[in-house]
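Overview (structure and organization)
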Protein chains: 2
Amino acid sequence: MKLLVVGSVAYDAIETPFGKTDKIVGGAGTYISLAASYAKADVQIVSVVGGDFEKKYLDLLQSHNVDIKGIQIKENEKTFFWSGKYHNDMNSRDTLVTELNVLGTFDPVVPEEYKDTEFLMLGNLSPDVQRKVIEQMNKRPKLIIMDTMNFWMDTMMDELKKTMSMVDVISINDEEARQLSGEYSLVRAAKAIRKMGPETVIIKKGEHGALLFKDDNVFFAPALPLEEVFDPTGAGDTFAGGFAGYIAGNGDTSFESMKRAVIYGSAMASFCVEKFGIERLEQLTSNDIFFRISKFADLVKFDCNLKE
Amino acid sequence: MKLLVVGSVAYDAIETPFGKTDKIVGGAGTYISLAASYAKADVQIVSVVGGDFEKKYLDLLQSHNVDIKGIQIKENEKTFFWSGKYHNDMNSRDTLVTELNVLGTFDPVVPEEYKDTEFLMLGNLSPDVQRKVIEQMNKRPKLIIMDTMNFWMDTMMDELKKTMSMVDVISINDEEARQLSGEYSLVRAAKAIRKMGPETVIIKKGEHGALLFKDDNVFFAPALPLEEVFDPTGAGDTFAGGFAGYIAGNGDTSFESMKRAVIYGSAMASFCVEKFGIERLEQLTSNDIFFRISKFADLVKFDCNLKE
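For the structure given in this document, a descriptive report is provided here.

Here is what the cut-offs are and how they apply
- Residues numbered from 1 in each chain as written.
- Chains lettered and ligands numbered in written order.
- Predicted model: local features only at pLDDT ≥ 70, side-chain atom pairs only at ≥ 80, totals over all residues.
- Heavy atoms only, no water.
- Helix = DSSP H or I, 4+ residues; strand = E, 2+ residues; numbered from the N terminus.
- Rg over C-alpha atoms; globule rule 2.2 N^0.38 Å.
- Buried < 20%, exposed > 50% of the residue type's maximum accessible area, 1.4 Å probe, protein only.
- Contact = heavy atoms within 4.5 Å.
- Areas by Shrake-Rupley, 256 points an atom, 1.4 Å probe, with all protein chains shown as cover.
- Lys, Arg positive; Asp, Glu negative; His and termini not counted.
- Charge placed at Lys NZ, Arg CZ, Asp CG, Glu CD.
- Least-squares fit on C-alpha atoms with pLDDT ≥ 70 in both.
- Pairing = 2+ DSSP bridges.
- Right-handed = clockwise from strand over helix to strand, strands pointing away.
- Buried area = accessible area lost by both parts, 1.4 Å probe.
- Salt bridge = Lys/Arg side-chain N within 4 Å of Asp/Glu carboxyl O.
- Nonpolar A, V, L, I, M, F, W, Y, C, P; charged D, E, K, R; others polar.
- 1 Å grid on protein atoms, 1.4 Å probe; cavity = no way out; pocket = protein on both sides within 12 Å on 5 of 7 lines; lining within 4 Å.
- Points joined across faces, edges and corners; volume = space filled by probe spheres on them.
- Axes fitted to C-alpha atoms, helices over the stretch in contact; angles between N-to-C directions.
- Parallel < 35°, antiparallel > 145°, perpendicular 65-115°, else oblique.
- Left-handed = near helix turned anticlockwise from the far one by under 90°.

1. Here we look at the overall build of chain A
Helices and strands together make up the secondary structure of chain A, namely ten helices and 14 strands. Over its C-alpha trace chain A gives a radius of gyration of 18 Å, about what one expects of a compact globule, namely 19 Å for 308 residues. Here the C-alpha coordinates of chain A stretch approximately 70 × 45 × 35 Å along the principal axes. Across the 308 residues that make up chain A, the buried fraction comes to 58%. Taking the contacts inside chain A whose residues are at least 6 apart along the sequence as the reference set, 65% of them involve residues at least 24 apart. In the form shown here, chain A has an accessible surface area of approximately 12200 Å², with 47% of it arising from carbon and sulfur atoms. Between the averaged position of the 35 positive side-chain charges in chain A and that of its 46 negative side-chain charges there is a distance of 4 Å.

Here it is, written out as structure tokens:
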């Protein structure tokens, strides 16, 4: 089935303890689309870039069967640019540069043929931009998934709550879940957030894995213990893209399906951090993915027959 | 089979955001012994208390079939006392009082009938005290497990390394693993620590679960997502006690058995934090434990047939 992705397509310049990059392609929309493209979903993307955006990156998306006719190209403007530097522990970073450029006035236009798409993934963007996309759909998608971040909680909480009330799944990190809910316990935070709208809450804990809350059910997906994280940029978006792509690919929104989708997303994120930017996501094989998922299964598998 | 536990038996006074206690029984040896008593191990303990130690607590240990003849009672001295106050997030605490008392001069004496015990759990104590116990054994136990803490790394690293070189399993938390190894990545930390002696390394991550490293194998046990942690005191010792008790109870030191033992320890720790001190560990039933372990199994269980 089809998955409509809305999110930034950008240039990033990244510095980690292992090295630094020139301007490379980045943006939530890019990571989400690439990750989702490996599941069986047909991916469409709504985004905006400037005239400086290199054609090779659009070609890259297309080579992954991503339908890019929803990407506006503003010839006389510049692509969104972000630059950041990670600290030695790789768990925190400083933003060095944020140039909104085309993203500052982004008015999303959903192409006519995307308006009946059944699965919608709203990447991290201003909550009113996210809502404008929902409002352009012909019919309410079967599942709407959103990402967001602390910046919107600090600056546009009312708008954010309005958008949250319209979605089915929210994917945020642990600190954001605590900020959004005012609760320290993640179990309580998820409960409070579910009352704001999303029936399903995914809390990403980075190297500590992710929690999935749906109704009274909870599922925990570990992160793979890695010898080294090369570049965490885009890991959260890649996770969300893998999750959304898996759900759209199978069309199944049950809790059991979402559990597998969280593992799929975690596996995609574990690839993402192995190289700079999207490099590792460019040419994965289905065998790569299958073996990675088997590692997740092995990592937590135990024979629980303790009654013997 | 039999498990010999060496560890402090103490008085604690605890303050958390939920309330505070008077002097209650505490100490690593107490938590370890109680947790291990629920597995099928016959527990023996070597420790020391003062004349002020209440008989009812010795009776409590005995009512859990813990053999207490290895507890020295120094009539004219006082029991080790620790007092601490937890911060609101329950992840950090201030030590208010530490009175070593009898523990300051603790010279462990292993009773003759304990000297052939096949499983040995060294609770957190000065590494030379831990070593004195190993040296009193008639034959090398089948498995020696040790706990330790950052204090000994700061003050007695050489002694600590000597003791580490004599054990099979070490159980420490993530910050301690980083300090001990100088490695930030826990995968690398475990590798470095294994080179210091212990073939098996368990890294406890509190609310984020625990990692088990043995040879090239790694296993991850989640922590149960809890609405509220009432009192974390003793959770790490309870985990270690559950682990050691499970291994000794079954006599099986394979990786598969250790995986189940880590889950068993995690389940026992999840009970421990529900009430003050040892309160929740006093009267568990085998059904309580079985259902708790089932929760752990459900939490991470997914059908990984993703090839469909």
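Still more ground to cover, so stick around.
2. Focus: the relation of the copies chain A and chain B
In screw terms, the move from chain A to chain B is a rotation of 180° and a rise of 0.0 Å along the axis, fitting with an RMSD of 0.0 Å. Classification of the inter-copy transformation places it as that of a two-fold axis. Across chain A, the smallest distance between a C-alpha and the rotation axis is recorded for A:His208, namely 3.0 Å. Here 98% of the contact residues of chain A are again contact residues in chain B; the copies associate through an equivalent surface.

3. A word on the pairing of strand E6 (residues 67–74) of chain A
Residues and elements named next belong to chain A. For strand E5 (residues 42–50) and E6, the ladder comprises six bridges, and the chain directions are parallel. Each bridged residue has a counterpart across the sheet, and for Ser47 the counterpart in E6 is Ile71. A crossover links E5 with its parallel partner E6, the connecting element being helix H2 (residues 55–63), and its sense is right-handed.

4. Focus: the interface of chain A and chain B
Often, the extent of an interface is quoted as the loss of accessible area upon association of its parts. At the junction of the two partners, chain A supplies 41 residues and chain B supplies 40 residues. Summed over both partners, the interface of chain A with chain B comes to about 3900 Å²; 59% of that surface belongs to carbon and sulfur atoms. Viewed at the interface, chain B and chain A are joined by ten salt bridges. Note that A:Arg188 is salt-bridged to B:Glu228, the shortest N-O span being 2.9 Å. Sorting the residues of the side of chain A that touches chain B by element identifies helix H7 (186–195), strand E14 (217–221), helix H8 (235–250), helix H9 (255–272) and helix H10 (286–300) of chain A as the ones contributing at least two each. Residue classes in the side of chain A that touches chain B are distributed as 20 nonpolar, five polar and 16 charged.

5. Things to note about the pattern of salt bridges
Evaluated as defined, the whole model comprises 49 salt bridges over all chains. Across the pair B:Lys191 and A:Glu227 runs a salt bridge, and its minimum N-O distance is 2.4 Å. Of this pair, B:Lys191 sits in helix H7 (residues 186–194) while A:Glu227 sits in the loop between E14 and H8, on two different chains. B:Lys191 sits in the partly exposed class, given a relative accessible area of 45%. A relative accessible area of 34% means that A:Glu227 is categorised as partly exposed. For B:Lys56, the salt bridge is made with B:Glu54, and the minimal N-O distance between the two is 3.9 Å.

6. Overview of the layout of surface pockets
If you add up the space inside the second largest pocket, you get close to 600 Å³. Those elements that place two or more of their residues in the lining of the second largest pocket are H10 of chain A together with H7, strand E14 (217–221) and helix H9 (255–272) of chain B. In terms of residues, the lining of the second largest pocket owes the most to one element, H10(A), which gives six residues. Residue composition of the lining of the second largest pocket, grouped by class: ten nonpolar, two polar and eleven charged.

7. Focus on the sheet that holds strand E12 (residues 200–204) of chain B
All names here are of chain B. Overall, mixed pairing links the nine strands, which are arranged E6-E5-E1-E9-E10-E11-E12-E13-E14 in an open sheet. In this open sheet, the two strands that pair with only one neighbour each are strand E6 (67–74) and E14. Looking at each pair of strands side by side, their axes are set apart by 15° on average, direction ignored. Across five bridges, strand E1 (residues 2–6) lies against strand E5 (residues 42–50) in parallel orientation. Note on E5: the bridge partner recorded for Lys2 is Asp42. Against the sheet, H9 makes contact with strand E10 (143–147), strand E11 (169–173), E12, strand E13 (210–214) and E14, and its axis sits at roughly 20° relative to E14, the strand it touches most.

8. Structural notes on the packing of helix H6 (residues 174–181) of chain A against H7(A)
Residue and element names in this part refer to chain A. For the pair H6 and H7, the least separation of the axes is 9 Å and the interaxial angle reads 60°. The angle between the axes of H6 and H7 places the two elements in the oblique class. In this structure, H6 crosses over H7, and the sense of that crossing is left-handed. Where H6 abuts H7, its residues Asp174, Ala177, Arg178, Leu180 and Ser181 lie against Leu186, Ala189, Ala192 and Ile193.

9. Brief notes about the sheet that holds E14(A)
All names here are of chain A. Spatial strand order, E6-E5-E1-E9-E10-E11-E12-E13-E14: nine strands in an open sheet with mixed pairing. Each edge of the sheet is formed by a strand with only one pairing partner; in this case those strands are E6 and E14. For this sheet, the mean angle separating the axes of adjacent strands, direction not counted, is 15°. Examined bridge by bridge, strand E10 (residues 143–147) and strand E11 (residues 169–173) share three bridges and lie parallel to one another. Looking at the pairing, Ile145 lines up with Val169 of E11. Contacts between H6 and the sheet are confined to E11 and strand E12 (200–204), with E11 contributing the most and set at about 110° to the helix.

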